Amino acid sequence: MDIGEYFASTVTSGALILALPLAAAAGLVSFLSPCILPLVPGYLGFVSGLTDPTQPRNRRRVLSGVALFILGFGAVFTLYGAAFGAIGSWLIRWQDLLMRGLGVVVIIMGLVLLGRFPWLQQTRKFQGPGRGGLSGAPLLGIVFGLGWTPCMGPTLSAVLSLSVTAGSAWRGALLAFIYCLGLGIPFVLVALGLNWVSKVLSVVRKHIRAINIGGAVMLIVLGVLMVTGVWVQWIYQLQNLAGTFLMPV
């Protein structure tokens with residue numbers, strides 16, 4: 001099997017067909033969390049080194065800084081996903097038990113997002129880089145990826161749980177990468193200075209509690225599916241369905 005066929009079989013596997021959109025949604029929920037969304041203007045100012053990153057003439061520099069920022073936390077999260085996926089490949093013999101146990105973790109993370117278990121919501125932040133601008137943008141991304149909780153804790157934990165159940169370092173890395181897209185693309189849209197994005201975010205700020213509740217419900221439902229074994233059944237059904245299709249030459 002060449003690399004193209006391997007990639008195709010990886011992406012079309014039942015586990016990833018179900019998990020990829022959830023990972024993207026988890027990244028978006030992380031962006032909309034109350035300790036990330038209000039700080040977006042500050043992030044843009046830091047990564048660009050500009051006092052007013054909203055000016056159209058500064059757009060290229062802001063986009064460059066955002067790209068480097070995303071690259072920094074993307075590298076961290078992708079390595080997380082690969083590591084958890086590799087762990088899952090060692091534990092594949094206990095897949096059923098592992099899936100149910102991780103389902104409990106995902107349910108707990110959903111409850112954390114609802115505001116339960118306050119002791120799990122204590123912020124852990126590493127000291128950020130001292131200088132802003134393009135040179136400090138990737139470093140800020142790395143710091144953001146390593147220590148910014150509880151903003152990403154519940155949703156990221158769900159994605160890493162899915163990475164473990166994927167049973168492959170490659171698949172775990174792909175899930176984490178898709179999570180990064182869900183988290184990073186809104187930063188890019190804000191950096192582009194699109195008027196509709198600003199309007200959407202202003203509405204989101206007014207309803208941020210409802211959005212967090214929606215994200216928590218998503219996690220709890222996912223956890224229940226994992227605990228009850230329905231998630232595994234869906235994966236097997238999709239794998240069997242995918243096996244009936246032939247890849248075009």
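In this text, all values refer to a predicted model and were calculated from it rather than measured experimentally.

Scanning the protein from N- to C-terminus turns up 11 helices and zero strands. Each helix and strand of the protein, placed in order from N terminus to C terminus, yields the pattern α-α-α-α-α-α-α-α-α-α-α. Within the span of the protein, comprising 249 residues, buried residues form 43% of the whole. Taking the contacts inside the protein whose residues are at least 6 apart along the sequence as the reference set, 81% of them involve residues at least 24 apart. With an accessible surface of roughly 12,800 Å², the protein has 70% of that area assigned to carbon and sulfur atoms.

The next point concerns the confidence of the model for the protein. Averaged over all residues, the pLDDT of the protein is 75; the fraction at 70 or higher stands at 75%. Predicted confidence in the protein is weakest over helix α1 (residues 3–11), with a mean pLDDT of 46, and strongest over helix α8 (residues 169–191), with 89. Contacts from residues 1–12, a stretch scored under 50 in pLDDT, to residues over four places away or in other chains number 16 contacts.

Scanning the entire structure with this criterion turns up 11 aromatic pairs. Residues F77 and Y80 carry aromatic rings whose centres are separated by 6.2 Å and whose planes lie at 45° to one another, so their mutual orientation is tilted. Of this pair, F77 and Y80 both sit in helix α4 (residues 59–90), three residues apart, which is roughly one turn of that helix. For F77, a relative accessible area of 1% puts it in the buried group. Exposure remark for Y80: the relative accessible area of 26% places this residue in the partly exposed category. Ring-pair connections join several aromatic residues into one group, and the members of that group are F31, Y43, F69, F73, F77, Y80, F144, Y179 and F187.

Rules behind the numbers
Residues numbered from 1 in each chain as written. Predicted model: local features only at pLDDT ≥ 70, side-chain atom pairs only at ≥ 80, totals over all residues. Heavy atoms only, no water. Helix = DSSP H or I, 4+ residues; strand = E, 2+ residues; numbered from the N terminus. Buried < 20%, exposed > 50% of the residue type's maximum accessible area, 1.4 Å probe, protein only. Contact = heavy atoms within 4.5 Å. Areas by Shrake-Rupley, 256 points an atom, 1.4 Å probe, with all protein chains shown as cover. pLDDT = per-residue confidence, 0-100. Phe/Tyr/Trp six-rings, centres within 6.5 Å; stacked < 30°, edge-to-face > 60°.

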